[in-house]
Amino acid sequence: MLDDLLGRTKLKEEIAELEDEVDSLQAQLEAESERRATAVSARQEAEERVNRLEDRIADLEGRVEADTEEAAVGFRHRASVRGNRLETVLSRLESFRGDPESVLTAYVDGDIPDAVRELLGDHAPLVSRAEPCLVCADDAGLLAVALRPPIAPEPFVTWEAAPRIDRSWFQPSGRYALALVRSDVFAVGLYEDGDRVDYEGFSSNVKSDHSKGGFSQSRFERIRDDQIAEHVEKSQTALADVDADRTFVVGDRRLIDEFEADATAAVDATGKPESALEDAYEDFWSVAVYGL
């Protein structure tokens, strides 16, 4: 009754109504934040998927040919080899012999050389689908193969009595480092003739796609970009301390060019640093072989 006399009842009712409205607005705000976080996450997941599929897209490009006859031509076989199987393939190529200047070897990275087109004829478009690659073929049609070496030489074309095969393009040798770089993971192994003799790896605290929280989209992305930049700088420092004759960097295609290396490659190796490095190592030293 005292509240009624003093007019407090009405005020309390208004306060209750305002509190209900605040609660409703707060719920709407939280829902909007959730929606934006989901949108950011979905976009970033899409970007990651695009990144992982780019290599596959590169392999598939050119399969649809404008000319019907070219489109009907396909690889005789395709395989990915490493270790003992790779040794067998290289040994067989090295043992091939023909007449002087009857065997063509060419490293193709871009436009197909005229000599390759003339020798392979209707099968020349296959080189575009395999490149960058090393082409070995003879003028009698007994040999026609393309290989994609991990370490690319400069483009060349030569006619000799046997395929020109440099084992250093295909197989690990000497003292070298292979580093895996992802946005939040770094791992590097030091190897001697293919055997790992040292290792370093770490993970960095980089905001995940699902940790936006109460940040705005732009602020979330700035923070994440800064964290990735710090991770890359830390990784560069770690790699610079490795004493190796050659350095190879693999991993996220958006980051590998930030490192000084003798060769780079995009690989899809995930998981903890050491296990991811092992997967990346096998991926990098695997050689795609195409029968032309």
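Rules behind the numbers
- Each chain has its residues counted from 1, running along the sequence as written.
- Residues qualify for local features only when their pLDDT is at least 70, as the model is predicted, and side-chain atom pairs are given and counted only at 80 or more; totals for whole chains, interfaces and linings, by contrast, use all residues.
- Calculation of side-chain values draws on the structure's entire complement of heavy atoms; hydrogens and water are dropped beforehand.
- When DSSP finds two or more bridges between a pair of strands, those strands are recorded as paired.
- Only DSSP runs of H or I covering at least 4 residues are called helices, and only runs of E covering at least 2 are called strands; the numbering of each starts at the N terminus.
- Angular values range over 0 to 180 degrees, each being the angle between N-to-C directions of two axes fitted as lines to C-alpha atoms, with helices fitted over their stretch in contact.
- We call two residues in contact when some of their heavy atoms are within 4.5 Å.
- In this scheme Phe, Tyr and Trp rings, the latter by its six-membered ring, pair at centre separations within 6.5 Å, and the angle between planes marks the pair as stacked below 30 degrees, edge-to-face above 60, and tilted otherwise.
- When a residue's accessible area, from a 1.4 Å probe over protein chains only, is under 20% of the maximum for its type it is buried; when over 50% it is exposed; and in between it is partly exposed.
- Placement of a positive charge over a ring is assigned whenever Lys NZ or Arg CZ falls within 6 Å of the ring centre and within 35 degrees of the normal to the ring plane.
- Patch members must show over 30% relative accessible area and no salt bridge, and they are joined within 9 Å when carrying like charges or within 5 Å when they are nonpolar side chains of Val, Leu, Ile, Met, Phe, Trp or Tyr.
- We get accessible surface area from the Shrake-Rupley algorithm with a probe of 1.4 Å; when it comes to residues, only the shown protein chains can shield them.
- What counts as a salt bridge is simple: a side-chain nitrogen of Lys or Arg found within 4 Å of a carboxyl oxygen of Asp or Glu.
- Charge counting treats Lys and Arg as positive and Asp and Glu as negative, with His and both chain ends excluded.
- To locate a charge, the coordinates of NZ of Lys, CZ of Arg, CG of Asp or CD of Glu are taken.
- What is meant by a nonpolar core is a set of buried Ala, Val, Leu, Ile, Met, Phe, Trp, Tyr and Cys residues, joined one to another through side-chain atoms within 4.5 Å.
- Each residue carries a pLDDT score, the predictor's own confidence in it, on a scale running from 0 to 100.

Peer 1: Quick question: what am I supposed to make of the sheet that holds strand β7 (residues 185-192) here?
Peer 2: The strands making up a sheet associate through backbone hydrogen bonding, with each pair oriented either parallel or antiparallel. The strand order β8-β7-β6-β9-β10 describes an open sheet built from five strands, whose pairing is mixed. Each edge of the sheet is formed by a strand with only one pairing partner; in this case those strands are β8 (195-203) and β10 (263-266). Averaged over all pairs of adjacent strands, the angle between their axes in this sheet comes to 15°, without regard to strand direction. Together, β6 (175-181), β7, β8, β9 (246-251) and β10 form the strand contacts of helix α8 (residues 273-284), whose direction differs from that of β8 by roughly 125°.

Peer 1: Is there a simple way to think about the packing of aromatic side chains in this case?
Peer 2: Two aromatic rings are characterised by how far apart their centres lie and by the angle between their planes. This model, assessed by the stated rule, comprises twelve aromatic pairs. Summarising the aromatic geometry, the rings of phenylalanine 186 and phenylalanine 202 are spaced 5.3 Å apart at their centres and angled 35° between planes, so their arrangement reads as tilted. Taken as a pair, phenylalanine 186 in strand β7 and phenylalanine 202 in strand β8 lie far apart in primary sequence, 16 residues in all. For phenylalanine 202, a relative accessible area of 13% gives the class buried. Grouping aromatic residues by their ring pairs yields a cluster made of Tyr176, Tyr191, Phe248, Tyr281, Phe284 and Trp285. Directly above the ring of phenylalanine 156 sits arginine 164, whose terminal nitrogen or CZ lies 5.2 Å from the centroid. Residue placement shows lysine 234 over the ring face of phenylalanine 202; its charged tip is 4.3 Å from the ring centre.

Peer 1: Where do I start with a negative patch on the surface in this structure?
Peer 2: Where like charges cluster on the molecular surface, the negative patch consists of Glu13, Glu14, Glu17, Glu19, Asp20 and Asp23. Mapped onto the elements of the fold, glutamate 14 is located in helix α2 (residues 8-60). On the basis of relative accessibility, which here comes to 38%, the residue glutamate 14 falls in the partly exposed class.

Peer 1: What am I meant to see in the nonpolar core here?
Peer 2: Side chains of a nonpolar character, in soluble globular proteins, are inclined to be buried together. By size, the foremost hydrophobic cluster in this structure holds 20 residues, and its most contacted members are Val116, Leu120, Val127, Val135, Ala146 and Leu292. Put simply, the parts of the chain that give this core at least two residues each are β2 (103-108), α5 (114-120), α6 (125-130), β3 (133-138), β4 (144-148) and β11 (287-291). With sequence-adjacent residues up to four places away left out, leucine 292 is seen in contact with Phe75, Arg76, Leu120, His123, Leu126, Val127, Val135, Ala144, Val145 and Ala146. Counting residues in each nonpolar core, the second largest holds 19 residues, with Val89, Tyr107, Val145 and Val287 among its members.

Peer 1: How should the confidence of the model for the protein be read in this particular structure?
Peer 2: Detailed conclusions should not be drawn from predicted coordinates in areas where pLDDT is low. Residue-level pLDDT values for the protein average 85, and 75% of them are 70 or greater. In the predicted structure, residues 64-70 sits below a pLDDT of 50 and forms six contacts with residues beyond four places in sequence or in another chain.

Peer 1: What's the story with the sheet that holds strand β5 (residues 156-160) in this structure? I'm lost.
Peer 2: The strand order β1-β11-β4-β3-β2-β5 describes an open sheet built from six strands, whose pairing is antiparallel. If you trace the sheet from one side to the other, it starts and ends with β1 (77-81) and β5, each paired once. Averaged over all neighbouring strand pairs, the angle between strand axes comes to 15°, with direction disregarded. One ladder, built from six bridges, connects β2 with β3; its direction is antiparallel. Its bridge partner being in β3, valine 108 is matched across the sheet by cysteine 133.

Peer 1: Would you take a moment to explain the pattern of salt bridges for this structure?
Peer 2: If the charged atoms of two oppositely charged side chains come close together, the side chains can form a pair. Considering all chains together, one arrives at six salt bridges under this definition. The salt bridge partner of arginine 167 is glutamate 94, with a shortest N-O separation of 2.8 Å. Taken as a pair, arginine 167 in the loop between β5 and β6 and glutamate 94 in helix α4 (residues 83-95) lie far apart in primary sequence, 73 residues in all. Linked by salt bridges that have partners in common, Glu87, Glu94 and Arg167 make up one network.

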